[in-house]
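The primary structure of each chain is shown beneath.
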Amino acid sequence: AKSSGKARYVIFDATMRKRAINRLSLEMDLRHAIEQNHLYLVYQPILELQSGALIGFEALARWQHPEHGLILPADFIPIAEETSLIREVGRWVLREACRQFAPIFYQTKHIRPLVISINVSSRQITESGFVEYIRETLEGYRLPPTCLKLEITESALIESVDIARHVFHQLRQMGVDIHVDDFGTGYSSLSYIHRLPVDVIKIDQAFVQKLGEDEQSLEITRSILHMARSLGIKTVAEGIESQQQYLFLQQMACEYGQGYFLSQPMTIAQVEDFLKSLKDT
Ligand code: C2E
Ligand code: CA
Ligand code: CA
Ligand code: CA
């Protein structure tokens, strides 16, 4: 679905016209949303599967539209990506995640330094000044680069592998790790990914959700874990929805996990309550 909208139409009928107008108005609304603070982030906990310990959060963008209600990233990130707006959205996500995460980092660092993961699109890594903006933002919030993880999808990575290699080396030198998102869907091999400075892969939820149902998903997951381990790459399983999936992954010694079974994404207020409840126990 990510490539839809890239199609070139010769005939422009009424439906397409309507769609184009909606798209245009959404684009204008999105520009507005950034200025008006209608975007916000939710945070999904990432846990260490063996111990159940919290290791950090993934920030996920949300848009509260004044007329259309809640809009999910699947419906506005692609629009942003097709326009220059992804630069603004991406920078806003980084700033907002750092701003909200900084106090949490300082409150909890004596127990265990938590990490924050943000999603970046391929359009962002190729934009000039990307690395500098990250450096300045981290400095601005006095956050160590080691607490920031950038998630980039496997397919985006393959698309722009030469730029990615260059940018990732700069980021790694700074101390910011790269996590490969949606791994297993982009038809690349781990040995290929391994030639990039990548530290963690996230097994796509399509495989995780079929664990226990489907022999093939189990085999794919097992071989990804095996291969990752032999290359010294750690693994996050995403989209864990059941105890059975959780136990499978634990048995297969997958390091980290996230999903509705462990926790839904939370607002920043819920994150603060959640951390308070951890402290109390
Ligand atoms: P993703 O990075 O693969 O994020 C995981 C998605 O799965 C999130 O959807 C999350 O809410 C959802 N999820 C988490 N646990 C479960 C589960 O147990 N079951 C199921 N079915 N889903 C689960 P969300 O928040 O709608 O985000 C969708 C995608 O939009 C993300 O996929 C990511 O590619 C993109 N995205 C989100 N925020 C940003 C952002 O700030 N910047 C960019 N560039 N992309 C973003
Ligand atoms: Ca992600
Ligand atoms: Ca993913
Ligand atoms: Ca995804």
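Residues numbered from 1 in each chain as written. Chains lettered and ligands numbered in written order. Predicted model: local features only at pLDDT ≥ 70, side-chain atom pairs only at ≥ 80, totals over all residues. Heavy atoms only, no water.

The name given to the chain in an unreviewed UniProt entry is Signaling protein, with Anaerolinea thermophila as the source organism.

Brief notes about the coordination of the calcium ion (ligand 2)
Coordination of the calcium ion (ligand 2) by the protein involves Glu 58 (OE), Asn 119 (OD1), Glu 151 (OE) and Asp 181 (OD), with metal-donor separations of 2.1 to 2.3 Å. When the donors of the calcium ion (ligand 2) are listed by position in the chain, the intervening gaps give E-x60-N-x31-E-x29-D. In this structure, the calcium ion (ligand 2) is positioned 4.2 Å from the calcium ion (ligand 3), and both are ligated by Asp 181. Taken together, the residues Asn 119 in strand β4 (residues 115-119) and Glu 151 in strand β5 (residues 148-153) connect sequence positions 32 residues apart. Look at Glu 151 and you get buried, because its relative accessible area is 1%. (Donors = N, O, S within 2.8 Å, 3.2 Å for Na, K, Ca; no water. Helix = DSSP H or I, 4+ residues; strand = E, 2+ residues; numbered from the N terminus. Buried < 20%, exposed > 50% of the residue type's maximum accessible area, 1.4 Å probe, protein only.)

Remarks on the state of the cysteines
If you walk through the whole model with that rule in mind, you get zero disulfides. Just so you know, Cys 98 is unpaired, no disulfide at all, and the nearest cysteine sulfur is the one on Cys 147, 6.7 Å from it. Given a relative accessible area of 1%, Cys 98 falls into the buried group. (Disulfide = S-S within 2.5 Å.)

A few points about the coordination of the calcium ion (ligand 4)
The protein atoms that coordinate the calcium ion (ligand 4) are Asp 182 (OD) and Asp 182 (OD), at distances spanning 2.7 to 2.9 Å. A distance of 3.7 Å spans the gap from the calcium ion (ligand 4) to the calcium ion (ligand 3), which Asp 182 bridges by coordinating each metal.

Quick notes on the layout of surface pockets
The gaps left among the atoms become clear once a water-sized probe is rolled over them. Empty space within the second largest pocket amounts to approximately 330 Å³. Taken together, 15 residues line the second largest pocket, and the ones lying closest to its centre are Leu 54, Thr 108, Ile 111, Leu 275 and Leu 278. Only α3 (85-108) and α12 (268-280) provide two or more residues apiece to the lining of the second largest pocket. When residues of the lining of the second largest pocket are assigned to their parent elements, the largest contribution, six residues, is made by α12. Broken down by class, the residue content of the lining of the second largest pocket amounts to eight nonpolar, three polar and four charged. (1 Å grid on protein atoms, 1.4 Å probe; cavity = no way out; pocket = protein on both sides within 12 Å on 5 of 7 lines; lining within 4 Å. Points joined across faces, edges and corners; volume = space filled by probe spheres on them. Nonpolar A, V, L, I, M, F, W, Y, C, P; charged D, E, K, R; others polar.)

Some remarks on the site of ligand 1
The environment of ligand 1 is made up of 21 residues, and the closest members are Gln 44, Arg 62, Asp 181, Glu 241 and Tyr 260. Between ligand 1 and Glu 58 there is a distance of 3.2 Å, counted from an oxygen atom to a side-chain nitrogen or oxygen. At a separation of 3.2 Å, a nitrogen atom of ligand 1 approaches a polar backbone atom of Ala 61. When ligand 1 is considered free in solution it has 800 Å² of accessible area, and contact with the protein chains removes 84% of it. Listing elements by their share of the shell around ligand 1, those giving two or more residues are β2 (54-65), α2 (73-82) and β6 (177-183). Class assignment of the residues belonging to the shell around ligand 1 gives a composition of eight nonpolar, seven polar and six charged. (Near = heavy atom within 4 Å. Polar contact = N/O pair within 3.5 Å; in protein donor to acceptor, adjacent residues only side chain to side chain. Areas by Shrake-Rupley, 256 points an atom, 1.4 Å probe, with all protein chains shown as cover.)

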